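# Structure assessment
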Amino acid sequence: MVPQFILNYDQPAFRRELDQARGIQRPLALAKYQIKKILSVPAVTTFAPLQFLATSFLLSPDQDYRDVLFLSRLPSFVFSILGLLLCLLFYWKYNRFTTPAVLMALTLLTFSWENIIYAKQSNSYSIGVFVVLGLLCLLWTYLNRPLTIKNAAWYGFLLALLSHAQYQMIFMIPAFLAAAFIYHWKNQKQSFKRAVSTTGILALSYGIGVLPLFLFFLSKKLGAGANFWNIGPHHEFLCPRIRILPLVEMISVLFHFFPTAFFAAFSAMTGFIPENHPLFIPIAWILLLLFFAGIIYFLQTQDKRVKTLGLFFLFLGITWILLILLRKITLGPTRHALVLLPCLAIMIAEGWFFLVGKINFSKNSRGIISSIIPLSIAVLFFYSYPSMMRQRKDPFDPVKIEAVLKQYNVRTVVSCHSTWNLHLMKNITSNFHYVTHYDNWFEDKGKPNFQRVAYVCHDKKIDEQTFNRTQSEINEVFERQRKPDYQWQDHFKDYRIIYSEERDSNTEMEFSARTKNGTNGFYYYVLDRNKLP
């Protein structure tokens, strides 16, 4: 979907406008096109404007399917690698690598399947991990800088820049402000007035930096929140409406919801082996115990800066709980929880080192023991890597799809249910009449011929129900385009299937199969309408 939004702006209408431009109007038309291309994704989705800044310069309508996939995924891969480097930078600032905790944190980030999956997709969610690690670096640096108005204003601007790259960053800023204020007031013995004024400048600078983001993008998306796919098949990741429940029942529901949903999210974010592996749950419990050990470490530490980092994690947790209670976000194993991975990794790593430190061994022995879990994680990950990658291999082969269309003399191709793959196949969109459930982004080739139709979908087999739904959605597009004579009126019973290829898959877009957001299946049919009597 993301590449197609960007490629959409090289359309016949734009080319005609550019051809007609003369003199000063031509560079203005080119500038207008580039701006639209860069902002095409954030303008119509809930992605932040900097998430696809590089992508727009990498893609071109002349590229074939595999090139588009590779280049549109490249920024996610790059930010994923940069995130690992930021993890090293954070720990260098944090303790100069004086403890082996950095190895544990880096291992969890490197081998988290959820993180890897979104480092291999065009959806730029790996930038969220990068941004949060950047935030932690800024927090630690800010605590060690002189408390001045200039520093506060500069750091507020940097925080605003990070927010332009990932909207969820906005929810983390209150925790940053609160932790920084408490540190400077209580621990550096600054006057209350000075701590308030400096934190106020930090907040003001951030607010000014974020204002364009709000005016041009966020103001149109304030109603965005939990969606049908990330709440779970039985709404188990969406907090119940506690306001309508009696007090006792409300408490009971919350004590059931939060532990269950948090464990699902936690195990998915930190999972480095398949979810159905017999060791998956035991390992998740071990990591969860290390996470709680990390909480104890941050509570009992005498280092004031480390305790402030713990306060940041605490305030961030409170913010997330409030958003969940308000049903603005879900608590589940989805990509929207991926921004929490750096915090989880650091808490687990510090908890592991804290426990190792309680063992009465020599320093060298502690170093060896501290390497046991990271090494085990790497071994288990690489053992399961081949099977995981096979399950996630793209089943869409543009050459074979086109060959079948030519073999059966198909002129009209239909895709449905958010199957965006064909949108990126220029040979399909250029040489065939391609119609979808989404507005037609391709040059009008006249009235489509539904005598012989190819149906392609990633997770829905053809039957009367899916046929009717697809037909209805396509007809709605024609209605919006004011083309009533283009309507597809035939019934499913009017067709016979003359070609079929079905590849079933239980592999969801997410790492976890506990959400339903589309599988890695492939369903391809050619339907031939029976001749009228």
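Residues numbered from 1 in each chain as written. Predicted model: local features only at pLDDT ≥ 70, side-chain atom pairs only at ≥ 80, totals over all residues. Heavy atoms only, no water.

### Notes on the sheet that holds strand β2 (residues 433–436)
Taken in spatial order, the five strands of this open sheet run β2-β1-β3-β5-β4, and their pairing is mixed. The open sheet is flanked by β2 and β4 (495–503), the only strands paired with a single partner. In this sheet, adjacent strand axes meet at a mean angle of 20° when their direction is disregarded. Relative to strand β5 (residues 522–529), β4 runs antiparallel, the two sharing eight bridges. If you follow Glu 501 over to β5, its bridge partner there is Tyr 524. Here helix α18 (residues 398–407) sits on the sheet in contact with β1 (412–415), β3 (452–457), β4 and β5, set at roughly 10° to β5. Across the sheet, helix α20 (residues 464–480) touches β1, β2, β3, β4 and β5, and the angle it forms with β2 is around 100°. (Pairing = 2+ DSSP bridges. Helix = DSSP H or I, 4+ residues; strand = E, 2+ residues; numbered from the N terminus. Axes fitted to C-alpha atoms, helices over the stretch in contact; angles between N-to-C directions. Contact = heavy atoms within 4.5 Å.)

### Some words on the packing of aromatic side chains
One pass over the structure, following the stated rule, counts 44 aromatic pairs. Measuring from centroid to centroid gives 6.3 Å for Phe 171 and Trp 320, while their planes differ by 85°, and the two rings are edge-to-face. With Phe 171 in the loop between α9 (149–163) and α10 (173–187) and Trp 320 in helix α14 (residues 304–325), this pair connects stretches of sequence that are 149 residues apart. Assessed through its relative accessible area of 8%, Trp 320 is described here as buried. Above the ring of Trp 185, the side-chain terminus of Lys 186 is found at 4.1 Å from the ring centroid. (Phe/Tyr/Trp six-rings, centres within 6.5 Å; stacked < 30°, edge-to-face > 60°. Buried < 20%, exposed > 50% of the residue type's maximum accessible area, 1.4 Å probe, protein only. Lys NZ or Arg CZ within 6 Å of the ring centre and 35° of its normal.)

### Notes on empty space enclosed by the protein
Scanning the model with the defined rule gives one cavity of 30 Å³ or more in all. What the largest cavity holds in volume is close to 50 Å³. As for the largest cavity, its lining consists of Ser 267, Thr 270, Gly 271, Phe 272, Ile 273, Phe 280, Ile 283, Ala 284 and Leu 287. Looking at the lining of the largest cavity, the elements that each hand over two or more residues are α12 (247–270) and α13 (280–300). Element by element, the count of residues in the lining of the largest cavity is highest for α13, at four residues. In terms of residue class, the lining of the largest cavity is made up of six nonpolar, three polar and no charged. (1 Å grid on protein atoms, 1.4 Å probe; cavity = no way out; pocket = protein on both sides within 12 Å on 5 of 7 lines; lining within 4 Å. Points joined across faces, edges and corners; volume = space filled by probe spheres on them. Nonpolar A, V, L, I, M, F, W, Y, C, P; charged D, E, K, R; others polar.)

### Structural notes on the pairing of β5
Burial within β5 is extensive, with seven of its eight residues counted as buried. Here six bridges tie β3 to β5, and the two strands are oriented antiparallel to one another. Bridge pairing in β5 links Val 453 to Leu 527.

### Quick look at the layout of surface pockets
When its volume is computed, the second largest pocket comes out at roughly 850 Å³. Taken together, 31 residues line the second largest pocket, and the ones lying closest to its centre are Phe 262, Phe 291, Ile 295, Phe 313 and Gly 317. Top contributing element to the lining of the second largest pocket by residue count: α14, with 11 residues. For the lining of the second largest pocket, a count of residues per class yields 28 nonpolar, two polar and one charged.

### Some remarks on the side chain of Thr 334
Along the chain, Thr 334 falls in the loop between α14 and α15 (341–357). The exposure class of Thr 334 is buried, given its relative accessible area of 1%. Excluding its chain neighbours within four sequence positions, the residues that come into contact with Thr 334 are Glu 114, Trp 229, Asn 230, Met 269, Glu 510 and Thr 515.

### Looking at the packing of helix α5 (residues 65–95) against helix α6 (residues 101–111)
Contact geometry for α5 and α6: axes closest at 10 Å, N-to-C directions at 160°. As far as their axial angle goes, α6 and α5 are roughly antiparallel. With respect to the hand of their crossing, α5 and α6 are arranged in right-handed fashion. When α5 is examined against α6, the residues Leu 84, Cys 87, Leu 88 and Tyr 91 are found in contact with a partner set consisting of Ala 101, Val 102, Ala 105, Leu 106, Leu 109 and Thr 110. Among the residues forming the contact of α5 with α6, the class breakdown is nine nonpolar, one polar and no charged. (Parallel < 35°, antiparallel > 145°, perpendicular 65-115°, else oblique. Left-handed = near helix turned anticlockwise from the far one by under 90°.)

### Considerations on the confidence of the model for the protein chain
Confidence along the protein chain averages 89 in pLDDT terms, with 93% of residues attaining 70 or more. The element-level mean pLDDT for the protein chain is lowest in helix α2 (residues 12–20), coming to 65, with α13 highest at 97. (pLDDT = per-residue confidence, 0-100.)

### Points about the nonpolar core
Formed by 116 residues in total, the largest nonpolar core has its most connected members in Tyr 91, Met 104 and Phe 312. It is helix α8 (residues 126–143) that provides the largest number of residues to this core, a total of 14 residues. In contact with Met 104, not counting residues within four places along its chain, are Leu 287, Leu 290, Ile 348, Ala 349, Trp 352, Ile 373, Pro 374 and Ile 377. Counting 23 residues, the second-largest nonpolar core is a separate cluster that includes Leu 59, Val 68, Leu 71 and Val 526. (Core = buried A, V, L, I, M, F, W, Y, C linked by side-chain atoms within 4.5 Å.)

### As for α13
For α13, built from 21 residues, the straight-helix expectation of 30 Å at 1.5 Å per residue is met to within 8% by its first-to-last C-alpha distance of 31 Å. For α13, the complete set of buried residues consists of Phe 280, Ile 283, Ala 284, Leu 287, Leu 288, Leu 290, Phe 291, Ala 293, Gly 294, Tyr 297 and Phe 298. The inward-facing, buried residues of α13 contact α5, α6, α12, α14, α15 and α17 (372–391). (Expected span 1.5 Å × (residues − 1).)

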